[in-house]
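# Structural overview
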Amino acid sequence: MKLFNRLSPRGSIRRRLSVGTTLLILLLVLTMGGVSTFALYRNSLAQIDQQLRTASTRTASYQEGLSAPSPDAIPALPAEKTDPQANKPTPQTDKPNPQADKPHEHQDDPGRLPKGIRTPGLRDGTLVLTKRQDAVQAAVITPQGSFQALQVSQANALLNEVKNQRVSQIQSVHIPGLGRYRVLLTQKDNQQTLLLGSSLEPTDDLVKSFILWELILGVAAAVLAGVAASWLVKRNLAPLTEVTEAAHQVTEMDLSTGQVDLQVRVPVSDPQTEAGQVAQALNTLLGHVDESLTARAQSEAHLREFVADASHELRTPLASISGYAQLLERHQSQWPQDAQNHLSRIRSEGARMQRLVDQLLLLARLDAGRELQFSEVDLLALCADALADAQAAGPDHEWDFDLDLDPEGPLPLVSGDEDRLRQVLANLLTNARVHTPAGTSVRLGLRVLAAEPSSDDSASVGPDSVRTLLSAPRVQVTVHDSGPGIPAAQLERVFERFSRSDQAASRPSGSTGLGLSIVQAIVQAHGGQVTVSSIEAKAAGSTTAGSTTADSTTTDSETVENSGTTFTVVLPLLVD
């Protein structure tokens, strides 16, 4: 299994299964080929051995049946003492092959052929060697049917190979210049040694040809098996491809709003297969998710309805309380000081309650998707008015307007609801004023951002609304204060409803915790984005940095200098 994992390529399951199946089939073909080759070789050797035993019996009988010793059986003398006429071939030996009795170079046998070489029925490639005392005679039948005497070195090499061989034992030897032979020792004593051999060249050629054909057929079978395996795997894993496509479709949906019609399903062709079971399980999961999202959307819709109805119904009694409080103020000079203080608290709490109800009603309407009154809005004029109002409300703060506009560039015009955009600026500036001590510097910035070039990486990150916003010209509004900053624990919840810091909750006027939630809702209703970054000041002078965003993707924001907080609003630029 480890070897298969190493050999299998990294990639899709389809590719790994196809390659793995091909490798297994190729391994099986090679194994079967190896076993077949070994069986063929062993069977061929067995046939040769049987032929050698049969031929040895005929050869022994032929040699014993000769009536008189022929000149071939006469022991040879050394070449310098031998009659030159002794090497002439007889007519009988010259008939089969005129070249068969060429002088042998062995020093004890000047070239006589062994008698057994003429045994009828011997096949081409048969070798016969006889040794009588010190005379050695050895010859082989050539493919042309002639007799060829062995050289001295060849005969000596053969005798050296069989010197430890037992009678009737067969073994394979290698003879220089002749190749591999299968040799049978039929007789071995002090007087005579008889060897009979058969060439293994035809067997080796057969085995080599068999291996070549096995390789060709094995490769062809592996290729065909790979193509067939790829087709079968592709066909059987087709439901998994549909599962993947369905999962990608779901991941591209923005499920955060809860208002999603999740109708993506995977067709199940065969629920009995593993792929069909996965598709069926995914359909069940998507059904549960769809039901959960529908239930959540209905619950949120009911809650928004309730908040809107409650806020609307509370406005009348709150107006009555405020009216009666104003009526009582006409006679407050006749009341004791404690009663006047109580009446003042009733009026202030009534006004705070009125603001809370108005904010809840606004959020409920924004959540319900109530249409805004869109028109062309000049953010430069809105920023100037909002900054003037903030200076009047907080004279103990230092206010600054950072205008970064290109004189030849487009004006900061957007399409939106002017009243709601004024409320965004007012809430951000009010937040900076009430959450920072006196003397804090607050800077309002305005600039136009060019469209960002799209790339494959950035195009696949974030919701569709954010990707659309980044790919178009934008107007950026920043509100930076040099105050103590927002703690990191609260920074992540700064846009949540009823999220308040301890300092805001302890102020005499109190805080509803809905101001930044309203900012987020209005900005998102205009197709924009709001982010916040903050560096919290520490007693020892060190700072802790953090940032959060209303969406999951951050946008351009000014660098926070020292400690402080920066809110960044980005809106689509109105293009002619």
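Residues numbered from 1 in each chain as written. Predicted model: local features only at pLDDT ≥ 70, side-chain atom pairs only at ≥ 80, totals over all residues. Heavy atoms only, no water.

## Some words on the overall build of the protein
Counted only if it meets this: Helix and strand assignments follow DSSP, with helices taken as H or I runs no shorter than four residues and strands as E runs no shorter than two, numbered in order from the N terminus. For every residue, the accessible area (1.4 Å probe, protein chains only) is compared with the maximum for its type, and the residue is labelled buried under 20%, exposed over 50%, or partly exposed between those bounds. Whether two residues are in contact is decided by their heavy atoms, any of which lying within 4.5 Å being enough.
A count of helical and extended segments in the protein gives 14 helices and 14 strands. Across the 576 residues that make up the protein, the buried fraction comes to 37%. Taking the intrachain contacts of the protein between residues at least 6 apart in sequence as the baseline, contacts between residues at least 24 apart amount to 69%.

## Let's talk about the side chain of D417
Under the convention used in this document: Asp and Glu are treated as the negative residues and Lys and Arg as the positive ones, with His and the ends of the chain left uncounted. Within this document, salt bridges are pairs made up of a side-chain nitrogen of Lys or Arg and a carboxyl oxygen of Asp or Glu, the two lying within 4 Å of each other.
Within the fold, D417 resides in the loop between β9 (413-416) and α10 (418-434). Buried charged residue D417 carries no salt bridge. Nearest counter-charge: R420, at 4.7 Å. The contact partners of D417, leaving out residues within four places of it in the chain, are L372, Q373, F374 and H526.

## Let's talk about the nonpolar core
For clarity, the cut-off: Residues belong to a common nonpolar core when they are buried Ala, Val, Leu, Ile, Met, Phe, Trp, Tyr or Cys residues joined through side-chain atoms within 4.5 Å.
Ranked by size, the top nonpolar core spans 42 residues in total, and within it L379, L428, V477, F567 and V569 carry the most contacts. Among residues more than four places away in sequence, those in contact with V569 are V424, L428, V475, Q476, V477, V523, Q529 and V530.

## Let's talk about helix α6 (residues 238-251)
The following threshold applies: To estimate the expected span of a helix, count its residues, drop one, and scale the result by 1.5 Å. This arc is taken over the directions from the axis of the helix to the C-beta atoms.
Taking 1.5 Å per residue, 14 residues should reach 20 Å; α6 reaches 20 Å between its end C-alpha atoms and fits that length. Taken as a whole, α6 has its buried residues at P239, V243, A246 and V250. Summarising the axial view, the buried residues of α6 lie within an arc of 65°, below the 170-degree limit, and thus occupy one face. Lining the buried residues of α6 we find α5 (201-236) and α7 (274-329).

## Here's the deal with the packing of helix α8 (residues 337-367) against helix α14 (residues 515-525)
Note the cut-off: Whenever a helix is involved, its axis is fitted only over the stretch in contact; in every case the axis is a line through C-alpha atoms, and angles between N-to-C directions fall within 0 to 180 degrees. With respect to orientation, any angle under 35 degrees is reported as roughly parallel, any angle over 145 as roughly antiparallel, any angle of 65 to 115 as roughly perpendicular, and every other angle as oblique. Crossings are classed by handedness, with left-handed meaning an anticlockwise turn of the near helix from the far one by less than a right angle and right-handed meaning a clockwise turn. Gly falls in the polar group here, along with every residue not listed as nonpolar (Ala, Val, Leu, Ile, Met, Phe, Trp, Tyr, Cys, Pro) or charged (Asp, Glu, Lys, Arg).
Their axes nearest at 10 Å, the elements α8 and α14 cross at an angle of 25°. With respect to their mutual orientation, α8 and α14 come out roughly parallel. Judged by the twist between their axes, the crossing of α8 over α14 is left-handed. Contact residues: Q359, L362, L363 and L366 in α8; S517, I518, A521 and I522 in α14. Class assignment for the residues of the contact of α8 with α14 results in six nonpolar, two polar and no charged.

## Brief notes about the packing of aromatic side chains
Note the threshold: Stacked, tilted and edge-to-face are the three classes applied to pairs of Phe, Tyr and Trp rings, where Trp contributes its six-membered ring and a pair requires centres within 6.5 Å; stacked means planes under 30 degrees apart, edge-to-face means over 60, and tilted covers the rest.
Enumeration according to the criterion identifies one aromatic pair in this entry. Ring geometry for F495 against F567: centres 6.3 Å apart, planes inclined by 90°, an arrangement best described as edge-to-face. Pair noted here: F495 is in the loop between α12 (488-491) and α13 (502-505) and F567 is in strand β14 (residues 564-572), with a separation of 72 residues, a long-range link. The class of F567 is buried, set by a relative accessible area of 2%.

## Focus on the packing of α10 against α14
For the pair α10 and α14, the least separation of the axes is 9 Å and the interaxial angle reads 145°. For the element pair α10 and α14, the recorded crossing hand is left-handed. Note on element contacts: α14 touches α10 through G515, L516, I518, V519, I522 and V523, opposite R420, Q423, V424, N427, L428 and N431. Classifying every residue of the contact of α10 with α14 gives seven nonpolar, four polar and one charged.

## As for unusual backbone geometry
You will see that S168, though not glycine, has its phi angle at about 70°, which is positive. On the secondary structure map, S168 appears in the loop between α4 (152-161) and β4 (170-175).

## With respect to α14
In terms of residue burial, α14 counts as a mostly covered element, since eight of its eleven residues are buried. A positive phi of about 75° marks G527, the residue just after α14.

## Some points on the environment of R474
What counts here: Here a polar contact means two N or O atoms within 3.5 Å. Within protein one must be a hydrogen donor candidate and the other an acceptor candidate, and residues neighboring in sequence count only if both atoms are side-chain atoms.
Among the secondary structure elements, R474 is positioned in strand β11 (residues 474-481). The exposure class assigned to R474 is buried, which follows from its relative accessible area of 2%. Expressed as a C-alpha distance, the spacing of R474 and P572, which sit 98 residues apart in the sequence, is 4.6 Å. Side-chain polar atoms of R474 contact the backbone oxygen of A450, separated by 3.2 Å.

## Regarding the confidence of the model for the protein
Condition: Across the chain, each position has a pLDDT score giving the predictor's confidence in that residue, from 0 to 100.
On average, residues of the protein carry a pLDDT of 76, and 78% of them reach 70 or more. Averaged pLDDT values for the elements of the protein fall to 38 in helix α3 (residues 91-94) and rise to 93 in β11. pLDDT under 50 marks residues 539-545. Its contacts with residues more than four places away, or in other chains, come to eleven contacts. Per-residue pLDDT stays below 50 along residues 550-561; that stretch engages in 35 contacts with residues further than four places along the chain or on separate chains.

## Description of the pattern of salt bridges
By the definition in use, this model includes six salt bridges. Measuring nitrogen to oxygen at the nearest pair gives 2.9 Å for the salt bridge that ties R345 to E349. Of this pair, R345 and E349 are both found in helix α8, four residues apart, which corresponds to roughly one turn of the helix. Between R422 and E418 there is a salt bridge; the shortest N-O distance is 3.1 Å. Highlighted residues: R422 and E418, both in helix α10, separated by four residues, approximately one helical turn. A network of salt bridges, in which partner residues are shared, links D385, E418 and R422.

## Describing the side chain of T126
When you line up the elements, T126 lands in strand β1 (residues 126-132). Residue class for T126 comes out buried when judged on its relative accessible area of 6%. Here R123 takes part through its backbone oxygen, which lies 2.7 Å from a polar atom of the side chain of T126. Dropping the residues within four chain positions of it, T126 is found in contact with I117, A139, V140, I141, L196 and G197.

## Quick look at the environment of S517
Along the chain, S517 falls in helix α14. For the pair S517 and S499, spaced 18 residues apart in the sequence, the C-alpha separation amounts to 8.7 Å. Setting aside its immediate chain neighbours within four residues, S517 contacts L363, F495, E496 and R497. Here the side chain of S517 touches E496 through a polar contact of 3.1 Å, landing on its backbone oxygen.

## Some words on a nonpolar patch on the surface
Note the threshold: In this analysis, a patch consists of residues with relative accessible area above 30% that form no salt bridge, clustered at 9 Å for like charges and at 5 Å for the nonpolar side chains Val, Leu, Ile, Met, Phe, Trp and Tyr. We get accessible surface area from the Shrake-Rupley algorithm with a probe of 1.4 Å; when it comes to residues, only the shown protein chains can shield them.
On the surface, a cluster of nonpolar side chains totalling about 440 Å² of accessible area is made up of L212, W213, I216 and L217. Turning to its location among the elements, L212 is positioned in helix α5. The class of L212 is partly exposed, set by a relative accessible area of 48%.

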